[in-house]
Amino acid sequence: MRIVNTLIISCLFVFCITPHHVFSATNLVSGVYEQTSTGYFITLTVNNSTEEFIERLRVKNVNPSEIWGPPGWTIYQQTYIHYSVYWNASTPTKRIPPGMSETGFGFILPHEPGRLQCSLLGRDLLFTEVTPMFVPEPASLVVLAAGLAGMGGVMRRRR
């Protein structure tokens, strides 16, 4: 009984004393998506605002049709229990250092993405969520630019 009590107290001590990092999604992972003929093309960027190297990114509860990553990162897809995608730095030199960012973590989903649950592994396991932002297709940007130019012309003519 004394060993069990000591173990419980030790676990509580480690959990309460060990610093736990909680970051908002904008600090650690950001994402964009665009609709294509094959689904929703999602690209994630890891922004390392921690004080440790990041060596793994995991996106939970996704079952993409296609996955890619930055050079030097291995990809693993879990297709049982939880559908997840993992990217692991293949060598220590590929880890993301503090203050730096890495982009190119991507996949295609058959449906519009909602909030994505992400975890990052460095010295600590960090959890975050990200809602990818929609990137309009180029034709929409041309129409927007033409509308703004037209409004500018009308304003100029009135003066």
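Rules used throughout
- Residues numbered from 1 in each chain as written.
- Predicted model: local features only at pLDDT ≥ 70, side-chain atom pairs only at ≥ 80, totals over all residues.
- Heavy atoms only, no water.
- Helix = DSSP H or I, 4+ residues; strand = E, 2+ residues; numbered from the N terminus.
- Buried < 20%, exposed > 50% of the residue type's maximum accessible area, 1.4 Å probe, protein only.
- Areas by Shrake-Rupley, 256 points an atom, 1.4 Å probe, with all protein chains shown as cover.
- Contact = heavy atoms within 4.5 Å.
- Pairing = 2+ DSSP bridges.
- Phe/Tyr/Trp six-rings, centres within 6.5 Å; stacked < 30°, edge-to-face > 60°.
- Polar contact = N/O pair within 3.5 Å; in protein donor to acceptor, adjacent residues only side chain to side chain.

Account for the overall build of the protein, with residues named and values stated.
The secondary structure content of the protein amounts to 3 helices and 10 strands. Evaluated residue by residue, the protein yields a buried proportion of 29% over its 159 residues. Carbon and sulfur atoms provide 62% of the accessible area of the protein, an area that totals close to 10,600 Å².

Please set out the side chain of Thr 43 residue by residue, giving values where relevant.
Turning to its location among the elements, Thr 43 is positioned in strand β2 (residues 39-47). Owing to a relative accessible area of 18%, Thr 43 belongs among the buried residues under this scheme. Discounting chain neighbours no more than four positions away, the residues touching Thr 43 are Ser 30, Gly 31, Val 32, Thr 103, Gly 104, Phe 105 and Gly 106.

Mind laying out the pairing of strand β7 (residues 101-109), listing which residues take part and the relevant values?
Looking down a regular strand, the side chains alternate between one sheet face and the other. Two elements, β2 and β7, share 8 bridges in a ladder whose sense is antiparallel. By the bridge assignment for β7, Thr 43 is matched with Gly 106. Both strand β4 (residues 66-68) and β7 contribute to a ladder of 3 bridges, which runs antiparallel. The residue bridging Ile 67 from the neighbouring strand is Phe 107, located in β7.

Can you lay out the packing of aromatic side chains for me, pointing to particular residues and giving the numbers?
A complete count under the given rule lists 7 aromatic pairs for this structure. On the basis of an interplanar angle of 40 degrees and a centroid distance of 5.6 Å, the ring pair of Tyr 76 and Tyr 86 is categorised as tilted. Here Tyr 76, found in strand β5 (residues 73-80), pairs with Tyr 86, found in strand β6 (residues 82-89); they are 10 residues apart in sequence, far enough to count as distant. By relative accessible area, which is 40% here, Tyr 76 ends up partly exposed.

Run through the sheet that holds strand β1 (residues 29-36), naming residues and quoting values.
Reading across the sheet, the 5 strands line up as β4-β7-β2-β1-β10 and stay open at both edges, with mixed pairing between neighbours. Strand pairing shows two members of the sheet lacking a second neighbour, β4 and β10 (133-134), which therefore form its edges. Where β1 lies against β2, 8 bridges are found, and the strand directions are antiparallel. Counted as the bridge partner of Ser 30 is Thr 45 from β2.

Please provide a residue-by-residue account of the side chain of Thr 45, values included.
Position of Thr 45 among the secondary structure elements: in strand β2. Within the local environment of Thr 45, its side chain forms a polar contact with the side chain of Thr 103, the two groups lying 2.8 Å apart. With residues up to four places along the chain from it excluded, the contact list for Thr 45 reads Leu 28, Val 29, Ser 30, Ser 101, Glu 102 and Thr 103.

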